[in-house]
Amino acid sequence: MKTLGFAAILVSVCAMAACTVTSGDGSGGAGGDGGAGGSDATSTTTSSATTGGGEGGEGGGDATNECTPLAFDECVECCQEANAGEVERLTELTFWYCGCEATIRCAQYCDTTDAATDVCGDDGVVNLEVDNLDCETCVIEESAPEDSECYEAAYTACGEAEDCQALTACSDTCE
């Protein structure tokens with residue numbers, strides 16, 4: 001199976017509650033004439049003033065995330081392109097939670113006894129190299145609805161995994 005096929009699913013599925021606007025923690029924006037910018041979220045005792053400020057900057061967002069100013073779909077796509085390796089990890093997690101969990105309906109297609117079609121490894125590793133169209137179709141159907149619990153679980157696991165956090169952090173800034 002190709003992980004590239006999941007670019008479209010990730011865009012549509014990311015429109016769910018998993019991709020929400022963050023609380024605004026992060027670097028503050030620069031102000032207009034005479035105002036001050038925000039403070040760095042990691043600093044609790046100092047703030048940095050900017051020169052040439054005006055009404056004051058609007059805080060929030062990660063100033064280093066070039067995807068944030070884009071429209072939602074373009075922002076999500078930008079985050080995926082900037083974190084391609086993490087998209088693959090999220091895809092693996094999506095297959096695990098939406099196709100390999102014993103309680104999910106797709107397990108009948110994904111967790112097979114045939115090595116040529118078995119997506120779900122016994123050791124918790126997902127094998128995306130096998131050709132199993134039934135599994136892929138089922139996982140896409142299972143993870144696509146807005147209320148997809150399995151995709152939410154995969155997205156949450158991605159946000160907790162070091163090799164996947166940057167993708168969720170980026171896409172969480174998309175509005």
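Reading guide: rules and limits
- Residues numbered from 1 in each chain as written.
- Predicted model: local features only at pLDDT ≥ 70, side-chain atom pairs only at ≥ 80, totals over all residues.
- Heavy atoms only, no water.
- Core = buried A, V, L, I, M, F, W, Y, C linked by side-chain atoms within 4.5 Å.
- Buried < 20%, exposed > 50% of the residue type's maximum accessible area, 1.4 Å probe, protein only.
- Helix = DSSP H or I, 4+ residues; strand = E, 2+ residues; numbered from the N terminus.
- Salt bridge = Lys/Arg side-chain N within 4 Å of Asp/Glu carboxyl O.
- Axes fitted to C-alpha atoms, helices over the stretch in contact; angles between N-to-C directions.
- Parallel < 35°, antiparallel > 145°, perpendicular 65-115°, else oblique.
- Contact = heavy atoms within 4.5 Å.
- Phe/Tyr/Trp six-rings, centres within 6.5 Å; stacked < 30°, edge-to-face > 60°.
- pLDDT = per-residue confidence, 0-100.
- Disulfide = S-S within 2.5 Å.
- Lys, Arg positive; Asp, Glu negative; His and termini not counted.
- Polar contact = N/O pair within 3.5 Å; in protein donor to acceptor, adjacent residues only side chain to side chain.

Another aspect to go through is the nonpolar core. Counting 19 residues, the largest nonpolar core has Cys67, Cys79, Leu90, Leu93, Cys164 and Cys174 as its most contacted members. Elements with a contribution of two residues or more to this core: α2 (72-82), α3 (84-100), α6 (149-160) and α7 (165-171).

To continue, consider the pattern of salt bridges. As enumerated under the stated definition, the model contains 4 salt bridges in all. Glutamate 142 is the salt-bridge partner of arginine 105, the closest N and O atoms lying 3.0 Å from each other. With a gap of 37 residues between them, arginine 105 in the loop between α3 and α4 (107-110) and glutamate 142 in helix α5 (residues 133-143) connect regions that are remote in the sequence.

A separate point is the packing of α3 against α5. The packing of two helices is summarised by the inter-axis angle and the distance between the axes. Contact pair α3 / α5: the axes reach a minimum separation of 9 Å and the direction vectors enclose 90 degrees. It follows from the interaxial angle that α3 and α5 lie roughly perpendicular. Contacts from Thr94, Phe95, Cys98 and Gly99 in α3 reach Cys135, Glu136, Val139, Glu142 and Ser143 in α5.

Two descriptors summarise a pair of aromatic rings, namely the distance from one centre to the other and the angle between the planes of the rings. The final tally for this structure, using the stated rule, is 1 aromatic pair. Relative to tyrosine 155, the ring of tyrosine 151 lies with its centre 6.1 Å away and its plane at 40 degrees, an arrangement referred to as tilted. Note that tyrosine 151 and tyrosine 155 are positioned in helix α6 at a spacing of 4 residues, about one turn of the helix. Neither tyrosine 151 nor tyrosine 155 differs from the other in exposure class; each is buried.

This next bit is on the confidence of the model for the chain. On average, residues of the chain score 73 in pLDDT, and 63% of them are at 70 or above. Ignoring residues within four places in sequence, the model shows residues 1-63, a span with pLDDT below 50, making 115 contacts including any to other chains.

All right, on to the state of the cysteines then. The final tally for this structure, using the stated rule, is 8 disulfides. One disulfide bridge connects cysteine 100 with cysteine 120, the sulfur atoms lying 2.0 Å from each other. Taking the torsion about the S-S bond as the criterion, the cysteine 100 to cysteine 120 disulfide, at about -85 degrees, is left-handed. You can see cysteine 100 sitting in helix α3 and its partner cysteine 120 sitting in the loop between α4 and α5, a full 20 residues away along the chain. Just as cysteine 100 is buried, cysteine 120 falls in that class too. What pairs with cysteine 158 in a disulfide is cysteine 164, and their sulfur atoms sit 1.8 Å apart. Judged by the torsion about the S-S bond (-85 degrees), the cysteine 158/cysteine 164 disulfide is left-handed. The pair formed by cysteine 158 and cysteine 164 is uniform in burial state, with each residue classed as buried.

By the secondary structure assignment, aspartate 118 is in the loop between α4 and α5. In this structure, aspartate 118 is buried with no salt-bridge partner, the nearest side chain bearing the opposite charge being arginine 89 at 15 Å. Polar contacts involving the side chain of aspartate 118 include one to the main-chain amide nitrogen of threonine 112, which spans 3.1 Å. Those residues in contact with aspartate 118 that sit more than four places away from it in its chain are Cys110, Asp111, Thr112, Asn127 and Val130.

Residue position: isoleucine 140 is located in helix α5. Take isoleucine 140: its relative accessible area is 31%, and that puts it in the partly exposed class.

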